[in-house]
Amino acid sequence: MNTTIQKIHAREILDSRGNPTVEVDIVLQDGTKARAAVPSGASTGKYEAFELRDRDPKRYGGKGVLTAVTNVNGDIANALIGLDAGDQKLIDLTMIELDGTPNKGRLGANAILGVSMAAARAAAQANGLQLYEYLSEDRRYLLPVPMMNVMNGGVHAQWQGADFQEYMIAPLGAPNFRTALQWGAETYRALQKTLQKKGYPTAVGDEGGFAPKVASNEEPLELITLAIEEAGYQPGKDIAISLDPASSGFYHYGQYELKREQKALTPEDMIKYYQMLVENYSIISIEDGLAEEDWTGWKMLTKELGDRIELIGDDIFVTSPALVKRGIKEGIANSVLIKLNQIGTVTETLETMQLAKSAGWGLNVSHRSGETVDSFISDFTVATRAGKLKTGAPSRGERIEKYNQLLRIEEELGNRAVYAGRKAFVRG
Ligand SMILES: C=C(OP(=O)(O)O)C(=O)O
Ligand SMILES: [Mg+2]
């Protein structure tokens, strides 16, 4: 085994939306070859690390991802060849320094993350370890509750469905991951039937959830509750519901504009709306209930609902240690969403998780709405014992692959496999 990096090669591939993204291959001195691919969001937080993408052709002449690829094959490869892939901190810090900007804007967060993940995978393989074993500090593992996004709205449904972006089911009462996944898949199919009966189309959004033009943002909660019961489970006890309204996407000039309901709500009224929903449905967590700029609103939200449910910050924290630190200090939220590409390296992601954990916060690892079949986050979630992984509906290959990887890990761990269940939630 020689884990010295011999070669790094990046290429442009397509993600699940058909947009270009970065894939990186790493070869070690001992011949080990490993690969990683980088996902990309649509409802991105303002302060995420900067990806070189092709959304803005005027800026890069349609060559954003190709520029990231060139940066990997040039500057990054030159700096990392000869370093030990097993020294994740050194690899990541070398790239951060080489980039030299506060947001990874020169080399591109997508270029940097692709290399960071591929290095971890290569080192794991060279050591004869599974990725989840390699990433674990203490060989204690936790299979996450699958947070399955069964109804899509917002930008993930091109604003043709609900204003709220994600309605998830969380089979927290299951005895193990395999059963949880089965319950979730059965409920998803039951929901399809429920929608058909109502005359709704069952076409899906970016993350595989159904995306009908519902009458209100509350209606999906009724439909999902019905589907859970139809599938033979008890809402709340067996399967709870989680929301990601992704409200930064409908926050304009201090108000929350719910187009489906032809309403514009103040932060106070938006909080009341959530209180009503929490009263009436088996909601265990709400992510991005308020917008990334609305820290005052978030403070009120945390006061009103923080002791009842898990309040997860995604856009507001963007997996940044500095922003999570500020959140802890100011009493904002009680949980954080973890997306590797929001911050851009494995090392910094682990730092954010450590911070949140030491404050007693909940952890939620997440895919992006634009994904590849890379299942890095599945191993990552098990190794870090985050307890929850949201990776879409059980209906699109790039999402299913993450769930399937968790099935493989659970099987391999055998009687050492522990399912996170209800305890993974900070409230509930
Ligand atoms: C997964 C999400 O969507 P995106 O990847 O588009 O940010 C999210 O908002 O949590
Ligand atoms: Mg979100």
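Residues numbered from 1 in each chain as written. Chains lettered and ligands numbered in written order. Predicted model: local features only at pLDDT ≥ 70, side-chain atom pairs only at ≥ 80, totals over all residues. Heavy atoms only, no water.

Asks: So what exactly am I meant to see when it comes to the coordination of the magnesium ion (ligand 2) here?
Replies: In ideal tetrahedral geometry, four donors around a metal make angles of 109.5 degrees, whereas ideal octahedral geometry with six donors gives angles of 90 or 180 degrees. Those donors, Asp244 (OD), Glu287 (OE) and Asp314 (OD), are the protein atoms that reach the magnesium ion (ligand 2), and they lie 2.0 to 2.2 Å from it. Residue class for Asp244 comes out buried when judged on its relative accessible area of 1%. (Donors = N, O, S within 2.8 Å, 3.2 Å for Na, K, Ca; no water. Buried < 20%, exposed > 50% of the residue type's maximum accessible area, 1.4 Å probe, protein only.)

Asks: Sorry if this is basic, but what is going on with the packing of helix α13 (residues 376–384) against helix α14 (residues 397–413) here?
Replies: When two helices pack together, their arrangement is given by the angle between the helix axes and the distance between those axes. Relative to each other, α13 and α14 sit at 45°, their axes nearing to 8 Å. Accordingly, the angle class assigned to the pair α13 and α14 is oblique. Of the two elements, α13 crosses α14, and the hand of that crossing is right-handed. Contact residues: α13 offers Ile377, Ser378, Asp379 and Val382, while α14 offers Lys402, Gln405, Leu406 and Ile409. A per-class count over the contact of α13 with α14 returns four nonpolar, two polar and two charged. (Axes fitted to C-alpha atoms, helices over the stretch in contact; angles between N-to-C directions. Helix = DSSP H or I, 4+ residues; strand = E, 2+ residues; numbered from the N terminus. Parallel < 35°, antiparallel > 145°, perpendicular 65-115°, else oblique. Left-handed = near helix turned anticlockwise from the far one by under 90°. Contact = heavy atoms within 4.5 Å. Nonpolar A, V, L, I, M, F, W, Y, C, P; charged D, E, K, R; others polar.)

Asks: Whenever I open this one, the packing of helix α2 (residues 64–80) against helix α4 (residues 109–126) confuses me. Can you help?
Replies: Packing of α2 against α4 leaves a shortest axis separation of 8 Å and a crossing angle of 50°. For the element pair α2 / α4, the angle class is oblique. For the pair α2 and α4, the crossing hand works out as right-handed. Packed against α2, whose contacting residues are Val65, Ala68, Val72, Ile76 and Leu80, the element α4 presents Asn110, Ala111, Ile112 and Val115 at the interface. Across the contact of α2 with α4, the residue classes tally to eight nonpolar, one polar and no charged.

Asks: I'm lost on the pairing of strand β8 (residues 255–258) in this one. Help?
Replies: Where burial is concerned, the two faces of β8 differ: the one with Tyr256 and Leu258 is buried and the one with Gln255 and Glu257 is not. Both strand β7 (residues 251–252) and β8 contribute to a ladder of two bridges, which runs antiparallel. Within β8, the position partnered with His252 by the bridge is Gln255. Adjacent in sequence and paired antiparallel, β7 and β8 are bridged by two residues, among which Tyr253 carries a positive phi angle near 50°. (Pairing = 2+ DSSP bridges.)

Asks: Quick question: what am I supposed to make of the environment of Phe317 here?
Replies: Here Phe317 is to be found in the loop between β11 (310–313) and α10 (321–330). Take Phe317: its relative accessible area is 0%, and that puts it in the buried class. Counting along the chain gives 202 residues from Phe317 to Val115, while the straight-line C-alpha distance between them is 23 Å. Other than its neighbours up to four places away in sequence, Phe317 contacts Trp295, Leu323, Val324, Gly327, Ile332, Ala333, Ser335, Val336 and Trp361.

Asks: Looking at this model, I keep getting lost on the site of ligand 1. Mind explaining?
Replies: Taken together, 17 residues form the shell around ligand 1, and within it Ala42, His156, Arg368, Ser369 and Lys390 come nearest. Here an oxygen atom of ligand 1 and a side-chain polar atom of Asp314 are 3.0 Å apart. About the coverage of ligand 1: the protein hides 100% of its 290 Å² of free accessible area. The residue makeup of the shell around ligand 1, split by class, is two nonpolar, seven polar and eight charged. (Near = heavy atom within 4 Å. Polar contact = N/O pair within 3.5 Å; in protein donor to acceptor, adjacent residues only side chain to side chain. Areas by Shrake-Rupley, 256 points an atom, 1.4 Å probe, with all protein chains shown as cover.)

As far as function goes, none of this settles anything; it's purely spatial.
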